[in-house]
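A look at the structure
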Amino acid sequence: MLPEFPLDARRKKVGLILGAMVSCGYGADVVLTGPPTHLPEFLVLAFVVIANAGIVFYAWPATNGFLLRIRGERKRGGRKGGDGGSGLDGEAGHVRAAAGRRPVLCAVARLMPASAGRRWLAEAESVLFELPSGRRAKAVRSYLRSAPRLAVMMWAHRLISRTGRRV
Amino acid sequence: MALRLTVQVLLVLQALLREPGRELYGLEVSEETGLLPGTAYPILLRLEHEGWVTSRWEDVDPRAEKRPARRYYRLTAGGAAEASAAVASARRPRGAALRGLAREAGTA
């Protein structure tokens, strides 16, 4: 199952990415052209330090929570009570009780649109759970092999259905 | 998106056509066709997008069953007709080609 990011964590991630981009851009600019002449150097340094501290402050809870959740699920064998998600995603909620989550499959599912990724992952886990262990590795590889094409197909389908709806 | 009738697609259609009313889940489809589950899934999804197949999650309590819910696939009424036609048309050229070859072999 794809870990469902709370909105707050998503905002933190976006903040992290923006912060990292600004900081890297500014850092590169300082390295290439030197600090701006109208600013004292300690101000430039303070800006970079504060920007990086901000990034760490935002990044830590977001990524840490995310990693902990995946690890926690694996430790518990992925057996989670409660209801699932909603809509097509909710369908995937049935499989919350699937066997140990495969991080590779989780990562690959992120290539697809969210709902499609969740469904793919849920179905893969459901099938893998029932396969004899000897055949499981081959099946996982087959899922991984077909995933990129499937991701393209799903995004294309999503795009077509959206543009079709607008027209 | 037009559905390309590859050998794999035809295998999946044949498996679903064996008993058109019956629902098959991913693993069954994979076992009946000999395809790997990762290969069968995109085909089933494409068939579903085309409206030939419908699917649903099994309504079970995974904790009681001690396994995750399965996703069941079934041919729709229209899909069954289209699938039969597709499988039949895929068989025809091969049959005709074989008959042609046999004729050639007979005359040679």
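It should be emphasised that the depicted structure is a prediction, and the values quoted were computed from it without experimental measurement.

Let's talk about the packing of helix 1 (residues 7-18) of chain B against helix 2 (residues 26-33) of chain B
All names here are of chain B. Look at helix 1 against helix 2: their axes get within 9 Å of each other, and the N-to-C directions meet at 110°. Accordingly, the angle class assigned to the pair helix 1 and helix 2 is roughly perpendicular. Crossing hand, helix 1 versus helix 2: right-handed. Along the contact surface, helix 1 presents Leu11, Val12 and Ala15, while helix 2 presents Val29, Glu32 and Thr33. In terms of residue class, the contact of helix 1 with helix 2 is built from four nonpolar, one polar and one charged.

Looking at the sheet that holds strand 1 (residues 24-25) of chain B
All names here are of chain B. Here we have three strands laid out as an open sheet, ordered 1-3-2, and antiparallel in their pairing. A strand with exactly one partner marks an edge of an open sheet, and here the two such strands are strand 1 and strand 2 (53-57). One ladder, built from five bridges, connects strand 2 with strand 3 (residues 71-75); its direction is antiparallel. Residue pairing in the sheet places Val53 in a bridge with Leu75 of strand 3.

How each quantity is defined
Residues numbered from 1 in each chain as written. Chains lettered and ligands numbered in written order. Predicted model: local features only at pLDDT ≥ 70, side-chain atom pairs only at ≥ 80, totals over all residues. Axes fitted to C-alpha atoms, helices over the stretch in contact; angles between N-to-C directions. Helix = DSSP H or I, 4+ residues; strand = E, 2+ residues; numbered from the N terminus. Parallel < 35°, antiparallel > 145°, perpendicular 65-115°, else oblique. Left-handed = near helix turned anticlockwise from the far one by under 90°. Contact = placed C-beta atoms within 7 Å. Nonpolar A, V, L, I, M, F, W, Y, C, P; charged D, E, K, R; others polar. Pairing = 2+ DSSP bridges.

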